[in-house]
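Commentary on secondary and tertiary structure
Here are the chains, one letter per residue:
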Amino acid sequence: MRAPTRDWLAGHSHVHGDFDAADLVARLEAKGERVTVVIPARNEAATVGEVVTGLRRELVERVPLVSELVVIDSDSDDDTSAVAADAGATVHRSDEIAAHLGSHPGKGEALWKSLFVTSGDLLVFVDADLTEWGPHFVTGRVGALTADPATMLVKGWYDRVLDVPGQSPSTEGGRVTELVARPVLDLWWPDPAGVVQPLAGEWAARRALMESLTVPTGYGVEIASLIDAHRRLGLGAIARVDLGARAHRHQKDHDLAVMAAELLAVVHARRDGEPRDVEVVADELEQFTRDGGWRTRPVPLVQRPPAVTQTGYSEGLA
């Protein structure tokens, strides 16, 4: 391991158990800062309710750590919005936020749009499909984000439980991380390669950073934010926190291939410095199966400009 990475690990690694929710409330009140939890969701009616209910009960009602608990519904065609609202979240449909700026499908789009309808100083992102998790997923990242005033981005890490019906649970989840994201970081950005889960959906950022980033509209948002934060601010602005274990719904390899293609395009657009437009011959992935033959899958390659540069952004924060 490179010396800068080893030194960074020693000074910027945390464990969720180091932080108590009530203590964090006092710390935030002293600084006049507020926490917003954003849950991007698309067709997650089966799980989003329990995620919202648990966070609201523990971190809004029992301990008032979270000021805003927001679900961004990304074009769901099930009852995601209704379930989330009934559980106590403020729900916005992604395509209805800042409608004058248009809409794109994807997780990154939901996170980018969330900036227009939230006002918290600390943004904590939580996936909607979690089945093994706890409120410490939020307290751990808020603690790590506020432990050092220089920290602007926190990545959670955990054992990723792979639960396949008929098989014993294992921690062999995170296929795209190990096959794409980690090799890319090791080859091109070795200093932040100490981030165990570069694609973790459980991450947090200060609004001042998030609103200044170019944001891919799809699954490239996590690795793009890590690369861009490191390039601009260095390792000292990034921290990581051990959240224990995490389980969620896993995708099939053919679906992960689309994610992998997007990640490669996103990192290529950042290879030589500031992110530029993704330039490719085609924004489609050709896949083949013996049963189905060839099929074409769209690869989302749009990148949103920094939210702070967009018309109507400041009005949304008022």
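Refer to the structure presented above.
Predicted model only: the values in this text are computed from it and were never measured.

An α-helical segment advances 3.6 residues per turn. Residues three or four places apart therefore align on the same side. Burial runs high along helix α5 (residues 107-114): eight of the eight residues are buried. Turning to α5, its buried residues are K107, G108, E109, A110, L111, W112, K113 and S114.

The subject of this paragraph is helix α1 (residues 3-11). Along α1, the positions that sit buried rather than exposed are T5, W8 and L9. Looking straight down α1, one finds its buried side chains confined to an arc of 100°; they lie on one side. Turned more than 90 degrees away from the buried face of α1 sit D7, A10 and G11, all of them exposed.

Applying the stated criterion to the full structure yields five aromatic pairs. Judged by centre distance (5.1 Å) and plane angle (65°), the rings of W112 and F116 are edge-to-face. What makes F116 buried here is its relative accessible area of 6%. Taking the centre distance of 5.9 Å and the plane angle of 80° together, the rings of W188 and W189 count as edge-to-face. According to the relative accessible area criterion, W189 is buried, its value standing at 11%. An aromatic cluster is defined as three or more aromatic residues linked by ring pairs; in this entry it consists of W112, F116 and Y313.

Pairing is possible between side chains of opposite charge, provided their charged atoms come close. Under the counting rule described, the total for this entry stands at 15 salt bridges. Between K113 and E109 there is a salt bridge; the shortest N-O distance is 3.6 Å. Here K113 pairs with E109, and both are found in helix α5, just four residues apart, close to one helical turn. Accessibility expressed as a relative area gives 0% for E109, which makes it buried. Because the salt bridges share partners, they merge into one network encompassing K107, D127, E202, E222 and R246.

About the thresholds
- Residues numbered from 1 in each chain as written.
- Predicted model: local features only at pLDDT ≥ 70, side-chain atom pairs only at ≥ 80, totals over all residues.
- Heavy atoms only, no water.
- Buried < 20%, exposed > 50% of the residue type's maximum accessible area, 1.4 Å probe, protein only.
- Helix = DSSP H or I, 4+ residues; strand = E, 2+ residues; numbered from the N terminus.
- Arc of directions from axis to C-beta.
- Phe/Tyr/Trp six-rings, centres within 6.5 Å; stacked < 30°, edge-to-face > 60°.
- Salt bridge = Lys/Arg side-chain N within 4 Å of Asp/Glu carboxyl O.

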